[in-house]
Amino acid sequence: MTGRGEDTDTFDCPTHLLMNKCFRSLIVAFFLSACPALIYAASLSGKVLDEHGAPLKLASILLLSVTDSALVKTELTDEKGEFLLTPVSPGSYILKVSLMSHEGHRQEVSVAGADLTLPDIYLVAESKQLEEVAIRAQKPFVEVHADKLVVNVESSIVNAGSTAMDVLAKSPGVTVDNNDNISLKGKQGVNVMINGKITPISGADLANMLKSMPSSAIETIELISNPSARYDAAGTAGIINIKMKRDKKMGLNGSVNGTYAQGVYGKANGGVNLNYRNKNVNVFANYNHSDREGFNRLKLDRNFLDNGKLVSAYVQDNQYLYKVIDDMGGAGIDYTPSKNTSIGANVNANETYFLRKGYNYSLVLDSNRQQASHFITDNKAPNTWGSRTANVYFRHTFDSLGKSLSVDADYAMYPGSGVQDFTTTYYNDRPADSTPVPLPVVLHGDLTGLTQIRSFKADLALPLKSGLKIETGAKTSYVTSEHDLKFYTNVADVLVQDVKRTNYFIYHENINAAYLNFNKDWTKWSAQLGLRGEQTIADGHAKWPGGDSSFTRNYAQLFPSFAVQRHVNDNNDLGVTLSRRIERPNYDQLNPSAYYLDPTTYKAGDPYLRPALSYATELSYTYKQRLITTLNYTRTNRPITEVIQPSTTETKVTIQTQKNLGTMSYYGISGSYQFRFYKWWSNVTNFNAYYAQYTGDIAGTPLNKGRATLDFNTSNSFILPKDWSAEVGGFYQAPQQYGYMLVKSTWMFNVGLQKNFFDKRATARVNATDIFWHGWPRATSEYNDYRETFAARRDTRQVAVSFTYRFGKRTVPQSMRHRGGAEDEKRRAGTQAG
């Protein structure tokens, strides 16, 4: 659900930047001292391999004079790891070979009058200590890769003191609406992963978890709009992978951090990270605590019609305050008995207490929009939910080509409990009206829930000498989700069970999957072809006093993926991707239990939702690895869309739920551009311009609407003297169509300042976000017999101060990132404790 105001704000997007071109030139002069040297000039060639014998491309080759180390020639290795230096005059030289994350190579060579081919050169991955180098420059907020965008959270000063949800809302192409639904490039159905694992909660519970996760605990966020067959097929809009921080230094290391932010209400969080690493063992642990307060003020104007004529209306002002106390921690161990084998285990847990106190004032208007009565609802909803997850893994590399096996086993459980207390009092504003005033309504709800996930997967990589790489794997998962919601009403000061609202829901799901993926690189071309098959077996059963309903699902689907890239020259690359994806309803979207805002508004799931299926294709153009422009097209059948619709069984009642529309067609162009205007000023600008067309029929209202829209995100980073740095940026989202909803524009402007201390071991930051307080959403929903406008104002404008101190050794070994096995089901699990 998205909020709306009565007026439309405009925003003059700051696209007019001073752009002074900076030219860099590197002149390499070759002085040949004599004509015979020209006559007998030779070539020097060789091949660079890793310790397993695999070719290393883009290794830097430097040929230096043995007398004064002057540069004679330079080259990069190609896809086969080969290099050729020509012409090379007879003489003695120093050959240096370097590649990031590998130990360097240095040797003396003597060139006579004939061509010389050197023995194969092997570069060893950095397993020994590498002294940390203090570099003045910093990573950009957004890095552009061929298959994804990477958001470096710590590189943005304005992220200090914020949450994971705040960072996502400011990330390129990501939109978070008033109900905390996350979309990527204007498309919902996003898979949210944490450390490579699909999150096991969804809906309000996922939003609350992301709001309680401090940004200081996050390293990067990966935005993958068109994943390959190796990933779960779930997520019609792609994948968002949040990678948590993990220390990679040798010995005992760690960091402590603390943040305080002040908006209308205060917010504080702090944490500690510890890591011990030696040659074979890595042990790590972390803990974060946050205590946040905020508010949400939701204004609604709801009109009930009959054949286009107004029958009655509600004008409502919902105000609620919330308090979130969250404790999250984790620990794990990685053991590498040999350079080819690693095993490990990790556990994570969090406990969140969420208290919401609300006040709702509702005016009841007649057909002439004259006030007839009003009612007031006080509500209080304390909730507690948590998570307990565990993973064990095994990885082994069999040979020098890189043949490897990876096995993961995961278990996760998500308990939750909560209470809903509502008291509604009715008032007659027309004394002459003899209509009886309803008695006060007291509603009490008790909720308990538990979702459990078991997952096992294995992946095998088979590189061949021909350069072809084959990947294959299989996965199985089993999920149970159980929720018991009991409602009671006050009758003569006695709580009596409300049989219309009480509900018990249990859901079982088993997904079995297998995939086959082929990758091949040539000199100018690279290609990937994959096929994934998934079988879904599921059943759900809902019970309530006096009735029940159930459903079963059993279907199998194939999901092909294809990608090809053409390296035109050093400055230009072209790419094409195509994939088929699925979006299964998450577990709380299927749960028919109701959650009330007031007696006229509630949220409920739909157990008869069907999965959405989509085809997506992208054509990308990359210039100098810094400027990427992409054309997108997506066709989705049965898209799962949030709707605010009138109840078909109750009078003057509105339901917030999920429904399958008919189709969604998406046409877009997106860009991610990195600029460096001066050595001290860099900029990252991202935009998405697209047209989304929706068709469907809900609540007797045919839908065939579309609208062109644009979102724009820019960030300027400034490196200042004496270890100071600053950041200025913001975003703009133009009006957009989302199903039956027309979402109005939003924009935000942010600034930040940073200072490093104690040889960069400590960092202090201060920032101000949403300075002009326009980052809150607004929208209108229209049906034949119902029209609603709403605006939701939140505590998004705030000033935050943070401090981080890093301790321990500064020596860095080769890092090994591990990705767990629990996939799509983790996004879709819902405790419904929120």
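Below is a summary of the structure that appears in this document. Note that the structure is a prediction, hence the values are computed from the model and not measured.

Definitions and cut-offs
- Residues numbered from 1 in each chain as written.
- Predicted model: local features only at pLDDT ≥ 70, side-chain atom pairs only at ≥ 80, totals over all residues.
- Heavy atoms only, no water.
- Helix = DSSP H or I, 4+ residues; strand = E, 2+ residues; numbered from the N terminus.
- Buried < 20%, exposed > 50% of the residue type's maximum accessible area, 1.4 Å probe, protein only.
- Contact = heavy atoms within 4.5 Å.
- Areas by Shrake-Rupley, 256 points an atom, 1.4 Å probe, with all protein chains shown as cover.
- Phe/Tyr/Trp six-rings, centres within 6.5 Å; stacked < 30°, edge-to-face > 60°.
- Pairing = 2+ DSSP bridges.
- Axes fitted to C-alpha atoms, helices over the stretch in contact; angles between N-to-C directions.
- Polar contact = N/O pair within 3.5 Å; in protein donor to acceptor, adjacent residues only side chain to side chain.
- Salt bridge = Lys/Arg side-chain N within 4 Å of Asp/Glu carboxyl O.
- Core = buried A, V, L, I, M, F, W, Y, C linked by side-chain atoms within 4.5 Å.
- Patch = residues over 30% accessible without salt bridge, like charges linked within 9 Å, V, L, I, M, F, W, Y side chains within 5 Å.

### Considerations on the overall build of the protein
Logical step 1: When you go through the protein residue by residue, the secondary structure sums to five helices and 49 strands.
Logical step 2: Across the 834 residues that make up the protein, the buried fraction comes to 52%.
Logical step 3: Taking all contacts inside the protein whose residues are at least 6 apart in sequence as the whole, residues at least 24 apart take part in 69%.
Logical step 4: For the protein, the accessible area works out to roughly 36800 Å², and carbon and sulfur atoms hold 58% of it.

### Details of the packing of aromatic side chains
Logical step 1: Scanning the entire structure with this criterion turns up 28 aromatic pairs.
Logical step 2: One aromatic cluster is present, built from ring pairs that chain together Tyr673, Phe675, Phe677, Tyr678, Trp680, Trp681, Phe687 and Phe718.

### Here we look at the pairing of strand β39 (residues 681–698)
On a regular strand, each side chain points to the face opposite its neighbour's, so the side chains alternate between the two faces of the sheet.
Logical step 1: Of all 18 residues that make up β39, 14 are buried, and the element is covered over most of its length.
Logical step 2: When strand β38 (residues 663–678) meets β39, the two strands line up antiparallel, connected through 15 bridges. Among the inter-strand pairings, Arg676 is bridged to a residue of β39, identified as Ser682.
Logical step 3: Hairpin connection, β38 to β39: the antiparallel pair is bridged by two residues.
Logical step 4: When β39 meets strand β40 (residues 701–720), the two strands line up antiparallel, connected through 18 bridges. Bridge pairing links Tyr694 to Lys705 in β40.
Logical step 5: Taking the residues between adjacent antiparallel strands as the criterion, β39 and β40 are bridged by two residues, where Ala699 takes a positive phi near 55°.

### Re the sheet that holds strand β37 (residues 654–660)
Logical step 1: With mixed pairing, four strands are arranged side by side in an open sheet as β32-β33-β37-β36. Across the chains shown, the open sheet's two edge strands, defined by having one partner strand only, are β32 (594–598) and β36 (640–646). Pairs of neighbouring strands in the sheet enclose a mean axial angle of 25°, with direction left out of account.
Logical step 2: Taken together, the seven bridges between β36 and β37 define a ladder with antiparallel strand orientation. What sits directly across from Thr641, in β37, is Lys659.

### Side note on the environment of Asp498
Logical step 1: Assignment of secondary structure puts Asp498 in the loop between β27 (494–497) and β28 (503–521).
Logical step 2: Separated by ten residues in the primary sequence, Asp498 and Tyr488 have C-alpha atoms spaced 4.9 Å apart.
Logical step 3: Setting aside anything within four residues of it in sequence, one finds Asp498 in contact with Leu443, Phe487, Tyr488 and Thr489.
Logical step 4: Engagement of the side chain of Asp498 in a polar contact is seen with the backbone nitrogen of Lys500, the distance being 3.1 Å.

### So, the pattern of salt bridges
Logical step 1: Counted under the stated rule, the structure contains 17 salt bridges.
Logical step 2: We note a salt bridge from Lys457 to Asp459, for which the minimum N-O separation is 3.4 Å. Across the pair, exposure class does not vary: Lys457 and Asp459 are buried alike.
Logical step 3: A salt bridge links Arg532 to Glu534; the shortest N-O distance between them is 2.8 Å. For the pair Arg532 and Glu534, a shared accessibility class is recorded, and that class is buried.
Logical step 4: Salt bridges sharing common partners tie together Asp291, Glu293 and Lys323.

### Focus on the pairing of β28
Logical step 1: Two elements, strand β26 (residues 468–491) and β28, share 18 bridges in a ladder whose sense is antiparallel. Bridge assignment links Glu471 to a residue of β28, and that residue is Asn517.
Logical step 2: As judged from the 18 bridges shared by β28 and strand β29 (residues 525–544), these two strands associate in the antiparallel manner. If you follow Glu509 over to β29, its bridge partner there is Ala538.
Logical step 3: Where β28 folds back onto β29 in an antiparallel hairpin, the turn is made up of three residues.

### Some points on the environment of Val347
Logical step 1: Mapped onto the elements of the fold, Val347 is located in strand β22 (residues 341–365).
Logical step 2: Exposure remark for Val347: the relative accessible area of 46% places this residue in the partly exposed category.

### Some words on the environment of Asn688
Logical step 1: Considering the arrangement of structural elements, one finds Asn688 in strand β39.
Logical step 2: Given a relative accessible area of 4%, Asn688 falls into the buried group.
Logical step 3: In sequence terms Asn688 and Thr630 are 58 residues apart; their C-alpha atoms lie 9.3 Å from each other.

### Comments concerning the nonpolar core
Logical step 1: Membership of the largest hydrophobic core comes to 25 residues, with the highest contact counts inside it found for Leu661, Tyr694, Ile698, Tyr740, Met741, Tyr783 and Phe790.
Logical step 2: It is β39 that provides the largest number of residues to this core, a total of four residues.
Logical step 3: Among the nonpolar cores identified, the runner-up in size contains 23 residues, and Val192, Leu210, Met244 and Met328 belong to it.

### Observations concerning a nonpolar patch on the surface
Logical step 1: Taken together, the side chains of Leu516, Phe518, Leu529, Phe562, Val576, Leu578, Tyr615, Leu619, Leu631 and Ile669 present a nonpolar region at the surface, about 810 Å² in accessible area.
Logical step 2: Secondary structure elements with two or more residues in the nonpolar patch: β28, β31 (572–583) and β34 (612–623).
Logical step 3: Checked against the element boundaries, Phe518 lands in strand β28.

### Concerning unusual backbone geometry
Generally, phi is negative for residues other than glycine and the peptide bonds are trans, each holding for most cases.
Logical step 1: Positioned with a positive phi, Ala699 is a non-glycine residue whose angle comes to about 55°.
Logical step 2: Here Ala699 shows up in the loop between β39 and β40.
Logical step 3: The phi angle at Lys722 is positive, at roughly 55°, despite the residue not being glycine.
Logical step 4: Considering the arrangement of structural elements, one finds Lys722 in the loop between β40 and β41 (724–733).

Such coordinate-based values are descriptive only and should not be taken to indicate function.
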